[in-house]
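Understanding the architecture of this molecule
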Amino acid sequence: MVLFARIGNALRLTAIDALGARLGLVVGMTLADARACHPGLVAIEQDEAADRHWLKRMGQDCFRYTPRIVLVPPDGIGLDITGSAHLFGGERAMVDLAMDRFKALGMAVRGACGPTMEAARALARYADWPATSEPAAIRALPVNALDLGEETTRGFQRAGLKTVGAVAARPMATIAARFGMEAVAAIERLVGEERMPILTLKQQQPLHFERRFADPVTHQDTIAKVLLELMHEAALALEEIGHGGRRFRMELRRSDGATRTLDIATGAPTRDPALVLRLFDERIGALADPLDPGFGYDSILLAVPGTEPVVAAHSAFDAVPGGGEGAGQDVTELIDRLSVRLGPGAIRRLVPCDSHIPERAQLALPAIECAAPTPWPEPPPGEPALRPLLLFDPPQPVEVIAEVPDGPPHRFRWQCKLHEVRLYEGPERIAGEWWRRKGGEQTGKGGLTRDYYRVEDVRGRRFWIFRHGLYAERPDPRWYLHGLFA
Amino acid sequence: MRIVPALCDRAIPLERRRWASGAVSLDAALAGGLAHGAVHEIYAAEVADAAAAAGFSAALMAGMTGQVRTSLWLRSRRAARQGGSLQASGWAELGGTPGRGLVGIVPDALTLLRAAVDALHCPTLGTVVAESWGRMPELDLTASRRLALAAEKSGTTLMLLRIEADPVPSAAETRWSVASAPSRALAANAPGIPTFDITLLRQRSGPSGMSWRLEWDRDQCIFRETALPGAVVPVSFGGPVADRAGGAMSQVA
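Residues numbered from 1 in each chain as written. Chains lettered and ligands numbered in written order. Predicted model: local features only at pLDDT ≥ 70, side-chain atom pairs only at ≥ 80, totals over all residues. Heavy atoms only, no water.

As a further point, take the overall build of chain A. The number of helices and strands found in chain A is 13 helices and 17 strands. A separation of at least 24 residues holds for 50% of the contacts in chain A among residues at least 6 apart in sequence. (Helix = DSSP H or I, 4+ residues; strand = E, 2+ residues; numbered from the N terminus. Contact = heavy atoms within 4.5 Å.)

Following this line, the structure appears as structure tokens:
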């Protein structure tokens, strides 16, 4: 398997797995050449964003070894293990441990340990692990380990300086004169004579707030009080990072080991303890089997697994009730409350969908997911309603008598009742989605053409009726009632 | 000086804000219009008038909610299954703002009433429609009183849309029976704008028993009266026909 990317104007290989390397593929080869040599090659385009994301995930995983992690894109992770190596049985054992962990995930990793981040990186890339003597190993590194670009590296090699040790033995002034100060800095960093500033990965504390009790608690008021305290703690932590919680989880751990987990979600990020408490109340109220404290709870844990940044808003002094943007607050709360009690899909918002097929023209999205109102096009003034208020999906079959086969319905029978058509308008022809048809011409796949009629019967009821299919499309088209007008 | 309208707006609910429907005799019968912050019951005259009753509710909602507030349409699962799904385009064509609207589907009548009470506690919500099909024994006098109190406190209006149901005593402000009515034909015999035959079955403090035939003008969000031909009035409306033929204003004890 190989990864490729567009470099210049050609698709070139950027990474090769062990099997590929055995087949003689090298990085930099064009994909076309590689495919010509090995037609069965599995080639995947390199996804840099995914690589970065995975590197970050790996970096976060390394917090188990040390709190100071440096990501070295595209493929390196540096761990500052000063003071933490002894916890894992020394430097060597720690490197082995970390490498085994990633190898277990099926990754090819190389590790090394050095006096500086650069030295460790160079050793990992260009030396064998474990090395017998670190300074000797650094001095034995090839000059490419200095990472100074192709030209400088070749310059060193031409001058007969094959290893880092050979370069470092030269007077630095001559190196600086010949290859520039960067070369000197690189050597000094490698042998540990100069420091390089590092940018460590920030550790995100999981938002977990726990309260353990000396004696198990059973009383509901106590639990509510503790939850409120935990929520206040959570609110402080959330405020610090400028976020609000979208999802909250409460774990009630009973003294006999059973754990009850309750989850709630909010429509907008929040840090309001009272609101979260109310939502948990709703959640408990909606439970099919009520909470059973048994012998009492040993500990209560509040976690905030989902957060989002909160835009701080100031409240208007003279807010008009029901007007302006501030009014959305308690509507959002209502949506949260009802969604927690009735399920996340109970309260929905109607959103336009780009289709001319009537039953697909709108989407009902959970209101908790889409907070912003969506604009619907305003109907043209002076027109009667052209679309029904209520739509049947699927449409209901009706028996229709039309004066002429191609004409409007004259009377129809729906739900065993006969309706005499008094007024009608139509047809409004809505074609099927021909792009869904196979071969372009076959009918049926994308739906038939529908001829819609707006009709009113003698009692004033207004219906939306359509004939499914033209007479050219099928011999005996059926009629359906699709919707009801006001 | 935006504070002045703000204070006025808050002061008005004390003497109950009313929405003038546009039909003069209707507004006169209702002492100025349909009250905000109250419960109004809307019964479909027959099952086949479900769409008319829903349309009438949507029209009232559009008129009473305005363009900025959010409205909530709660439906029981049976309503959604039997009555058809609510269409935003059709809603917009009755003058509503479906983009700001919320649609809730709830499993049963009790949940419907609970959700309605919760919604009524929310003062920034414009109007709530609670649509149910069939009998609703859960909606007794206590429940409807609770709804009425919640509506009064917050100023949010509730419309209880009842289909396939018979009126039962309740604490609602008004009770209506709605049926669809033949519209005035447009050019080329096309069906016209929504027309309803409505009967005021009960009013808490005022006359009742009158009928109107109303057309809904979506562009101006008002109702217009059309002549109610005496011959068309169904007998089932009850009460002397002469009352309605002449101005539809006489008091019915």
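Once you've had a look at it, read on.
With that settled, the discussion passes to the side chain of Thr30(A). For Thr30(A), the position within the fold is in the loop between α1 (18-22) and α2 (31-37). Polar contacts involving the side chain of Thr30(A) include one to the side chain of Asp33(A), which spans 3.0 Å. (Polar contact = N/O pair within 3.5 Å; in protein donor to acceptor, adjacent residues only side chain to side chain.)

As a further point, take the interface of chain B and chain A. Between chain B and chain A, the residue contacts involve 68 residues of the former and 57 residues of the latter. Note on chain B versus chain A: buried area summed over both sides is about 5100 Å², and carbon and sulfur give 58% of it. Sorting the residues of chain B by area buried against chain A places Gln87(B), Glu93(B) and Pro191(B) first, and these three jointly supply 12% of that buried surface. Taken together, the links from chain B to chain A amount to 4 salt bridges. Looking at the side of chain B that touches chain A element by element, the count peaks at 6 residues for strand β6 (residues 101-106) of chain B. Tallied by class, residues from the side of chain B that touches chain A come to 36 nonpolar, 19 polar and 13 charged. (Buried area = accessible area lost by both parts, 1.4 Å probe. Salt bridge = Lys/Arg side-chain N within 4 Å of Asp/Glu carboxyl O. Nonpolar A, V, L, I, M, F, W, Y, C, P; charged D, E, K, R; others polar.)

The next thing to look at is the packing of aromatic side chains. Under the definition given, this model contains 19 aromatic pairs over all chains. Plain terms: the ring middles of Tyr452(A) and Phe466(A) are 4.8 Å apart, the flat faces sit at 40° to each other, and that makes the pair tilted. Taken as a pair, Tyr452(A) in strand β15 (residues 450-457) and Phe466(A) in strand β16 (residues 462-468) lie far apart in primary sequence, 14 residues in all. Like Phe466(A), Tyr452(A) is buried. Three or more aromatic residues link up through ring pairs in this structure, and these residues are Trp19(B), Phe56(B), Trp176(B), Phe196(B), Trp212(B), Trp216(B) and Phe223(B). (Phe/Tyr/Trp six-rings, centres within 6.5 Å; stacked < 30°, edge-to-face > 60°. Buried < 20%, exposed > 50% of the residue type's maximum accessible area, 1.4 Å probe, protein only.)

Moving on, we get to the confidence of the model for chain A. A residue-level look at chain A finds 93% of positions with pLDDT of 70 or above and a mean pLDDT of 83. Low pLDDT, under 50, characterises residues 319-326 of chain A; the predicted model gives this stretch 11 contacts beyond four residues in sequence or across chains. (pLDDT = per-residue confidence, 0-100.)

A separate point is the sheet that holds strand β4 (residues 70-76) of chain B. On the basis of which strands lie adjacent, the open sheet formed by 11 strands has the order β11(A)-β10(A)-β6(B)-β4(B)-β7(B)-β8(B)-β3(B)-β9(B)-β10(B)-β11(B)-β12(B) and mixed pairing. Two strands close off the open sheet at either side, each with one partner strand: β11 (362-366) of chain A together with β12 (222-225) of chain B. Across the sheet, the mean angle from the axis of one strand to that of its neighbour is 30°, orientation sign disregarded. Here strand β3 (residues 39-44) of chain B pairs with strand β8 (residues 157-163) of chain B via 5 bridges, running parallel. Across the sheet, residue Glu41(B) finds its bridge partner in β8(B), namely Leu160(B). (Pairing = 2+ DSSP bridges. Axes fitted to C-alpha atoms, helices over the stretch in contact; angles between N-to-C directions.)

This part is about the pairing of β3(B). Within β3(B), 6 of the 6 residues are buried, leaving the element largely enclosed by the surrounding structure. Residues of β3(B) alternate between two faces, with Val39(B), Glu41(B) and Tyr43(B) on one and His40(B), Ile42(B) and Ala44(B) on the opposite face, all of them buried.

This brings us to empty space enclosed by the protein. Within the structure shown, the criterion is met by 4 cavities of 30 Å³ or more. Counted as a void, the largest cavity has a volume near 70 Å³. When the residues that make up the lining of the largest cavity are grouped by side-chain class, the tally is 9 nonpolar, 2 polar and 3 charged. (1 Å grid on protein atoms, 1.4 Å probe; cavity = no way out; pocket = protein on both sides within 12 Å on 5 of 7 lines; lining within 4 Å. Points joined across faces, edges and corners; volume = space filled by probe spheres on them.)

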